[in-house]
Amino acid sequence: MQVSCVYITAVAMLLLPAAWAGEGPFFVTYTHQLEEPGNLEFATKNVTGKPDGGNRFLAGAAEFEYGVLGWWTTEVYLDGQVTGGENTLFTGYRWENRFRVLPHEHWINPVLYVEFENINGADKTLLEVVNHDSQDDLTAFSADALREKQREIEAKLILGSYVKGWTIAENFIAEKNVRHAPYEFGYAAGISRPLALAARPERCNICPENFQAGVEMYGGLGTHDNFGFNGTSHYVAPTLAWTLADGTMFHVSPSFGITGSSAPFLLRFGVSYEIAQIGRRARSFFGGRP
Amino acid sequence: MKRVVLFFLGLSLALAQSPLQQAPERWRAKANPLAGDAQAAQAGAKLFARECAACHGDNGEGLGKAPALKRADVGQAPPGALFWVLENGALWQGMPSFAHLPEAQRWQIITYVQALSARKKPE
């Protein structure tokens, strides 16, 4: 009975009107756009690759993003991975919050990001690259790596701009293990644009305005006592997003490692779906006042 | 202390104003390059359904805290003021910024919203 209630609720949620998940095609770089208040976005961010000397892996993060207020978005990630010839593992969770600093739009817009992550060493989702993260981290045997606990606080300064249809974003990352280890740094930056700036009058799936193309670059910057590019990993990743008329967005990004310590190639792919005004619609569904 | 009081007084006054009233003069002066374009209004209707209807209602009638847009003052507002509201939102009042939409799409939405208000029957 309990299971069928959960099932009915889940189906009802999926039938609710969707909104567009307009975050753009990036996987690692955040723009200054926050979730609309009351909207819930569900997304998956997956990555597969075969590091030199390691087994092919597929890692995924399930993301639940909720717009609390116009200037505050909160988000939970659940991470997992499967590696060829090894185990399938749940690797931890992350809870992040983003706060918009300025009430109005400017030529550059800062957003503060704070995250607590409780993951283990087997996590391969690569949602950010910091310090001297390298492909060696992806080759460790999962059963051994999961013993390493990574309870970390991460802060980002997100800077974003919209210029003549282009989205430009820069992220500066600082991360600290809550128990030990030095401050670790990284960066991400991206630029993207829809293929058409004006919308067509008809409802359509394959319209140029439904596609966004871009490129992002991300990598590590060492630690506070060993800061710089030496021995760090860096990736360049073209990205493409396609949003259907019902708001479902698919995005894909081949990532190319450009330093010796980077994995040579990673393929990222994901899907997102946003439910508009979920609280109001849930109240209405259960007979309450909308 | 005096500065703090003045700051909060200014903030209260700003919050008491509607977002349309807050639009600076140079934005109000902007003309809608798509005004009167039927195709733009049609595209705007599609964008409105996608971006605005969940809060403002399918026909702009308003829902909960989100105000109705099918109103005479919205229909007659300077298009530049509406553009400013879409650009900046009203974060403290719960409306997000729609600056992520290309300018052309924001003008399409404004074309539709103002046509919607013009269609409203006199009360």
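The rules behind the values
- Residues numbered from 1 in each chain as written.
- Chains lettered and ligands numbered in written order.
- Predicted model: local features only at pLDDT ≥ 70, side-chain atom pairs only at ≥ 80, totals over all residues.
- Helix = DSSP H or I, 4+ residues; strand = E, 2+ residues; numbered from the N terminus.
- Rg over C-alpha atoms; globule rule 2.2 N^0.38 Å.
- Buried ≥ 20, exposed ≤ 12 C-beta atoms within 10 Å, placed from the backbone.
- Contact = placed C-beta atoms within 7 Å.
- Axes fitted to C-alpha atoms, helices over the stretch in contact; angles between N-to-C directions.
- Parallel < 35°, antiparallel > 145°, perpendicular 65-115°, else oblique.
- Nonpolar A, V, L, I, M, F, W, Y, C, P; charged D, E, K, R; others polar.
- pLDDT = per-residue confidence, 0-100.
- Pairing = 2+ DSSP bridges.
- Expected span 1.5 Å × (residues − 1).

1. Quick look at the overall build of chain A
Across its full length, chain A carries three helices and 14 strands. Here the C-alpha atoms of chain A give a radius of gyration of 19 Å, agreeing with the 19 Å that 2.2 N^0.38 yields for 290 residues. Counting only C-alpha atoms, chain A reaches 55 × 55 × 35 Å along its principal axes. Buried positions account for 44% of the 290 residues belonging to chain A. Contacts in chain A between residues far apart in sequence, at least 24 positions, make up 62% of those at least 6 positions apart.

2. So, the overall build of chain B
Counting its secondary structure elements, chain B contains eight helices and zero strands. The secondary structure elements of chain B, listed N-terminal to C-terminal, are α-α-α-α-α-α-α-α. Counting over 123 residues, chain B shows a buried share of 43%. Within chain B, residue pairs in contact and separated by at least 24 positions form 73% of the contacts whose partners lie at least 6 positions apart.

3. Remarks on the packing of helix H4 (residues 38-51) of chain B against helix H8 (residues 103-118) of chain B
Residues and elements named next belong to chain B. Closest axis-to-axis distance for the H4/H8 pair is 7 Å, and the angle between their directions is 95°. In this view, H4 runs roughly perpendicular relative to H8, as classed from their interaxial angle. Between H4, through Ala40, Ala41, Ala43, Gly44, Ala45, Leu47, Phe48 and Glu51, and H8, the contact on the second element is made entirely by Gln105, Gln108, Ile109, Thr111, Tyr112, Val113 and Ala115. The class makeup of the residues in the contact of H4 with H8 is ten nonpolar, four polar and one charged.

4. Considerations on unusual backbone geometry
Residues and elements named next belong to chain A. In this model, asparagine 131 sits at a positive phi of 50°, which is unusual for a non-glycine residue. Overall, the presence of 21 C-beta atoms within 10 Å leaves asparagine 131 in the buried class. Phi is positive for lysine 164, close to 50°, though the residue is something other than glycine. With respect to the helices, strands and loops of the structure, lysine 164 is situated in the loop between strand E7 (149-163) and strand E8 (166-177).

5. Description of the confidence of the model for chain B
All names here are of chain B. For chain B, the average pLDDT comes to 87, and 85% of its residues sit at 70 or higher. Ranking the elements of chain B by mean pLDDT puts helix H1 (residues 2-16) last, at 62, and helix H7 (residues 79-88) first, at 96. The complex model carries a pTM of 0.89, and its ipTM stands at 0.86.

6. Structural notes on the interface of chain B and chain A
The interface is formed by 25 residues belonging to chain B together with 27 residues belonging to chain A. Among the elements that make up the side of chain B that touches chain A, the one with the highest residue count is H4(B) (seven residues). Within the side of chain B that touches chain A, the residues separate by chemical class into eleven nonpolar, ten polar and four charged.

7. A short note on the pairing of strand E10 (residues 211-223) of chain A
Residues and elements named next belong to chain A. Across ten bridges, strand E9 (residues 184-194) lies against E10 in antiparallel orientation. In the strand pairing of E10, alanine 189 is matched with methionine 217. Pairing of E10 with strand E12 (residues 234-243) involves nine bridges; the strand directions are antiparallel. Within the sheet, the bridge partner assigned to glycine 219 lies in E12 and is histidine 234. Pairing of E10 with strand E11 (residues 226-227), which is carried by two bridges, proceeds in the antiparallel orientation. The partner of threonine 223 across the bridge, within E11, is asparagine 226. Hairpin connection of E10 to E11: two residues between the antiparallel strands.

8. Regarding the pairing of E9(A)
All names here are of chain A. Of all eleven residues in E9, nine are buried, a share of seventy percent or more. Two elements, E8 and E9, share nine bridges in a ladder whose sense is antiparallel. Looking at the pairing, isoleucine 168 lines up with isoleucine 191 of E9. The antiparallel hairpin formed by E8 and E9 contains six residues in its connecting segment, where alanine 181 sits at a positive phi of about 75°.

9. Focus on H4(B)
All names here are of chain B. With 14 residues, H4 should cover 20 Å at 1.5 Å per step; its first-to-last C-alpha distance of 19 Å lies within 8% of that length. The buried fraction of H4 amounts to ten of the 14 residues, a majority that puts the element mostly inside the structure. Looking only at H4, the buried set comprises Ala40, Ala41, Ala43, Gly44, Ala45, Lys46, Leu47, Phe48, Arg50 and Glu51.

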